[in-house]
Amino acid sequence: MSPGLTFGAAALLAFWSVLVAELVGDKSIYVLTSLALRVHWAVVFAAFAVASGLKIMAAALLGTAIMRIHGHWPYVVSAGGFFVAAILIWLDESPERNQENAAPAGWPKGMLVCCTSFFFTEWGDPGQIAAAALVLKYHMLAATWIGATLALMSKGAVALTLGVQIRNKLPQRTLRILASASCFVLGILAIVKA
C-alpha cells in the first residue's frame, strides 16, 4: 500500500486514468454499439462487464508482462476476435422482434458472441496499461481493479445507449449487416496494425 493514498483515492485514480485512456481511440466503443444493434442490451452489458473485469484483473496481475508485449501478437488476437464476432453476427438470422419488450431468442449465443468480442480483442490497450502501471506504482490491486472496471462499465453504458437508440430505428436485416461489417472492418484494422 502506498503511503498517503487511500483505497478510495486509488480506485478513483484508476477510474479516471482508465476512462480517459479508453475514450481516446478505443475500438470497443464501436463493438459495443454494433453488438447492441443485434443483441439485447442487457446481454451485451453483462458480457462486457464480465470480460472487462477479467481483462483488467489480468492486466493488473500481469502488468509488467503486458507493458512488455511488443510486436504483432496482440493485434492478431484482436483481429481473430473481431472476425469471429463478425461471422457469428452474420450467421444469426433471427426474425424481427421487439428486443425491448421480449427476451431475445438465443441469449446464450449472444453472450458467447459478446464475450468473445470483448475478451479476445484489444489486449495491451491504453486502459489495461494504465491499470497495470497503477498497480505497479501503488500496489493496490483491488482498488485499481474496482476503479478500472467501473470506468469500462461507464464507457460501455454510454456506447450501449447509442446502440439501443439505433436498433430501435432500423430493421433487423440492416442491423445484422451493419454489426457484422463493423466487426469485420475492426478486424481488418487490427490486421493492418499488426
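Scroll up to find the structure.
Residues numbered from 1 in each chain as written. Predicted model: local features only at pLDDT ≥ 70, side-chain atom pairs only at ≥ 80, totals over all residues. Heavy atoms only, no water.

Explanation requested: helix α2 (residues 28-36) in the structure shown.
Given 3.6 residues per helical turn, the α-helix brings residues three or four places apart onto the same face. Burial runs high along α2: 7 of the 9 residues are buried. Those residues of α2 lying buried are Ser28, Val31, Leu32, Thr33, Ser34, Leu35 and Ala36. (Buried < 20%, exposed > 50% of the residue type's maximum accessible area, 1.4 Å probe, protein only. Helix = DSSP H or I, 4+ residues; strand = E, 2+ residues; numbered from the N terminus.)

Can you walk me through the side chain of Thr144 in this structure?
With respect to the helices and strands, the residue Thr144 is situated in helix α8 (residues 141-167). Assessed through its relative accessible area of 2%, Thr144 is described here as buried. Only 2.9 Å separates the side chain of Thr144 from the backbone oxygen of Met140, close enough to count as a polar contact. Each residue touching Thr144, except ones within four places of it in the same chain, is listed here: Ala14, Ala131, Leu134 and Val135. (Polar contact = N/O pair within 3.5 Å; in protein donor to acceptor, adjacent residues only side chain to side chain. Contact = heavy atoms within 4.5 Å.)

Mind showing me how you'd approach a nonpolar patch on the surface here?
On the surface, Phe184, Val185, Ile188, Leu189 and Val192 cluster together into a nonpolar patch covering about 460 Å² of accessible area. Note that Ile188 resides in helix α9 (residues 172-193). (Patch = residues over 30% accessible without salt bridge, like charges linked within 9 Å, V, L, I, M, F, W, Y side chains within 5 Å. Areas by Shrake-Rupley, 256 points an atom, 1.4 Å probe, with all protein chains shown as cover. Salt bridge = Lys/Arg side-chain N within 4 Å of Asp/Glu carboxyl O.)

For this particular structure, what's the right way to read the packing of aromatic side chains?
Centre-to-centre distance and the angle between the planes together describe a pair of aromatic rings. In total, this model carries 2 aromatic pairs according to the counting rule given. Seen from their ring centres, Phe48 and Phe118 are 4.9 Å apart, and the 80° between their planes marks the pair as edge-to-face. With Phe48 in helix α3 (residues 41-61) and Phe118 in helix α6 (residues 107-119), this residue pair connects regions lying 70 residues apart in the sequence. Both residues of the pair, Phe48 and Phe118, belong to the buried class. (Phe/Tyr/Trp six-rings, centres within 6.5 Å; stacked < 30°, edge-to-face > 60°.)

Please clarify how the packing of α3 against α6 should be interpreted in this entry.
If you want to describe how two helices pack, look at the angle between their axes and the distance between the axes. Relative to each other, α3 and α6 sit at 35°, their axes nearing to 8 Å. α6 is crossed by α3, and the crossing has right-handed handedness. Contact residues: Val43, Val44, Ala46, Ala47, Phe48, Ala51, Leu54 and Lys55 in α3; Trp107, Gly110, Met111, Cys114, Cys115, Phe118 and Phe119 in α6. Across the contact of α3 with α6, the residue classes tally to 13 nonpolar, 1 polar and 1 charged. (Axes fitted to C-alpha atoms, helices over the stretch in contact; angles between N-to-C directions. Left-handed = near helix turned anticlockwise from the far one by under 90°. Nonpolar A, V, L, I, M, F, W, Y, C, P; charged D, E, K, R; others polar.)

Take it as geometry only, folks, not as evidence of what the structure does.
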